[in-house]
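Listed below are the residues making up each chain.
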Amino acid sequence: MSISENIIEFKSTLSESVSLIAVSKTKPQSDLLEAYQAGQRAFGENKIKEMAEKWEKLPKDIDWHMIGHVQTNKVKYMAPFVHLIHAVDSLKLLKEIQKQALKNNRTIGCLIQIRIAEEETKFGLPPEELPLLLLAAEDLPNVTIRGLMGMASFTANLNQVRKEFKHLASLYKETIKVYPKNTILSMGMSGDYEIAIEEGATMIRVGSKIFGERNY
Ligand SMILES: *Cc1c(COP(=O)(O)O)cnc(C)c1O
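The structure displayed is predicted, hence computed values, not measured ones. (Residues numbered from 1 in each chain as written. Predicted model: local features only at pLDDT ≥ 70, side-chain atom pairs only at ≥ 80, totals over all residues. Heavy atoms only, no water.)

### Quick notes on the overall build of the chain
Logical step 1: Broken down by element type, the chain carries nine helices and eight strands.
Logical step 2: Relative to the compact-globule value of 17 Å for 216 residues, the chain shows a C-alpha radius of gyration of 17 Å, a close match.
Logical step 3: Counting only C-alpha atoms, the chain reaches 45 × 45 × 30 Å along its principal axes.
Logical step 4: In the chain, of all internal contacts separated by at least 6 residues, the share reaching a separation of at least 24 is 58%.
Logical step 5: Between the centroid of the 28 positive side chains of the chain and the centroid of its 27 negative side chains there is a distance of 6 Å. (Helix = DSSP H or I, 4+ residues; strand = E, 2+ residues; numbered from the N terminus. Rg over C-alpha atoms; globule rule 2.2 N^0.38 Å. Contact = heavy atoms within 4.5 Å. Lys, Arg positive; Asp, Glu negative; His and termini not counted. Charge placed at Lys NZ, Arg CZ, Asp CG, Glu CD.)

And the structure:
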């Protein structure tokens, strides 16, 4: 099937409460355009330079989602245009986003990435640090925390995956009591999005199921 057929078929299976980020990292601009022509407007990238190059060349009504780990010194390259930064996991990074958003006279939406996977990973905020980070973010006027993001362990054990998504969903439910602007729970990729949706994801990030396998 072609990319546009994949998009149309994939979207037909999703309920309206779940938004689809088409993860286009490593893929050529022609692939993104094909998805665009099928109506897709939200794309996810994990390298700031690659995202900025695609942003320059592709239609301006695309929403660009930074889904990868962000180095503080590179925020400035995406601050003029990025729609949502999914993987914020420190106050230092949030303060730099504030600084660059202000310079560009914008407000930038962010998700806090929570470390939910039991496997070893450097990325994501330990859940117990979430309340303090949310509180600190209130002093940053050009940053809006829109919700939470997480990645489950890379494992064939689907019970484990479900358990991790459940954990993230319960944290999300706690935060929305205090922060009603938090409406996004970003979890689920090609291999586990169905479980993520069952557990309450409002946004899924799907790459290979739409664009095919990546060659690095
Ligand atoms: C690459 C990536 C995805 C998409 O992965 P697929 O398995 O190709 O769907 C989703 N989220 C993040 C953070 C990624 O880096």
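### Let's talk about helix α3 (residues 48-57)
Logical step 1: Within α3, the full set of buried residues consists of Ile 48, Glu 50, Met 51, Ala 52 and Lys 54.
Logical step 2: If you follow the buried residues of α3, they end up packed against α2 (29-37), β2 (42-45), β3 (63-66) and α4 (75-78). (Buried < 20%, exposed > 50% of the residue type's maximum accessible area, 1.4 Å probe, protein only.)

### Some thoughts on the site of the ligand
Logical step 1: As a structural note, the neighbourhood of the ligand is formed by Val 23, Lys 25, Ile 67, Met 149, Met 151, Met 189, Ser 190, Arg 205, Val 206, Gly 207, Ser 208 and Arg 214.
Logical step 2: Lys 25 is positioned such that a nitrogen or oxygen atom in its side chain is 2.7 Å from an oxygen atom of the ligand.
Logical step 3: Look at the ligand: alone it shows 390 Å² of surface, and the protein chains cover 90% of it.
Logical step 4: A per-class count over the shell around the ligand returns six nonpolar, three polar and three charged. (Near = heavy atom within 4 Å. Polar contact = N/O pair within 3.5 Å; in protein donor to acceptor, adjacent residues only side chain to side chain. Areas by Shrake-Rupley, 256 points an atom, 1.4 Å probe, with all protein chains shown as cover. Nonpolar A, V, L, I, M, F, W, Y, C, P; charged D, E, K, R; others polar.)

### Re the packing of helix α1 (residues 3-13) against α2
Logical step 1: Contact pair α1 / α2: the axes reach a minimum separation of 8 Å and the direction vectors enclose 45 degrees. With respect to α2, the axis of α1 lies oblique. In this structure, the crossing between α1 and α2 has a hand that is right-handed. Taken together, the residues of α2 that come into contact with α1 (itself represented by Ile 3, Ser 4 and Ile 7) are Asp 31, Glu 34 and Ala 35.
Logical step 2: Residue composition of the contact of α1 with α2, by class: three nonpolar, one polar and two charged. (Axes fitted to C-alpha atoms, helices over the stretch in contact; angles between N-to-C directions. Parallel < 35°, antiparallel > 145°, perpendicular 65-115°, else oblique. Left-handed = near helix turned anticlockwise from the far one by under 90°.)

### Quick word on the packing of aromatic side chains
Logical step 1: Per the stated rule, a full pass over the model turns up three aromatic pairs.
Logical step 2: Where Phe 10 meets Tyr 193, the ring centres are 5.0 Å apart and the plane angle is 55 degrees; that geometry is what we call tilted. Placement of the pair is Phe 10 in helix α1 and Tyr 193 in helix α8 (residues 193-198), with a sequence separation of 183 residues.
Logical step 3: Residue Tyr 193 is classed as buried on the basis of its relative accessible area, which comes to 8%.
Logical step 4: An angle of 35 degrees between the planes, with centres 6.0 Å apart, marks the rings of Phe 43 and Trp 64 as tilted. One end of the pair, Phe 43, is in strand β2; the other, Trp 64, is in strand β3, and 21 residues separate them in sequence. Trp 64 shares its class with Phe 43; the two are buried.
Logical step 5: Geometry around Tyr 36 places Arg 41 over its ring, the cationic atom sitting 3.5 Å from the centre.
Logical step 6: A cation over a ring is seen here: Lys 60 above Trp 55, with NZ or CZ 5.3 Å from the ring centre. (Phe/Tyr/Trp six-rings, centres within 6.5 Å; stacked < 30°, edge-to-face > 60°. Lys NZ or Arg CZ within 6 Å of the ring centre and 35° of its normal.)

### Thoughts on the pairing of strand β5 (residues 108-113)
Logical step 1: Within β5, six of the six residues are buried, which leaves the element mostly enclosed by the surrounding structure.
Logical step 2: Along β5, one buried face is formed by Ile 108, Cys 110 and Ile 112 and the opposite face, lined by Gly 109, Leu 111 and Gln 113, is buried too.
Logical step 3: Bridge count for strand β4 (residues 84-88) against β5 is three bridges, and the pairing is parallel. What sits directly across from Val 88, in β5, is Ile 112.
Logical step 4: With helix α5 (residues 91-103) bridging β4 and the parallel β5, this β-α-β connection has right-handed handedness.
Logical step 5: Pairing of β5 with strand β6 (residues 143-149), which is carried by six bridges, proceeds in the parallel orientation. (Pairing = 2+ DSSP bridges. Right-handed = clockwise from strand over helix to strand, strands pointing away.)

### Thoughts on helix α6 (residues 130-137)
Logical step 1: Those residues of α6 lying buried are Leu 130, Leu 133, Leu 134 and Ala 137. One side of α6 holds all its buried residues, which, seen down the axis, span an arc of 100 degrees. Among the exposed residues of α6, those pointing more than 90 degrees away from its buried face are Pro 131, Leu 132 and Leu 135.
Logical step 2: Structurally, α6 contributes buried residues whose contacts are with α5, β5, β6 and α7 (158-178). (Arc of directions from axis to C-beta.)

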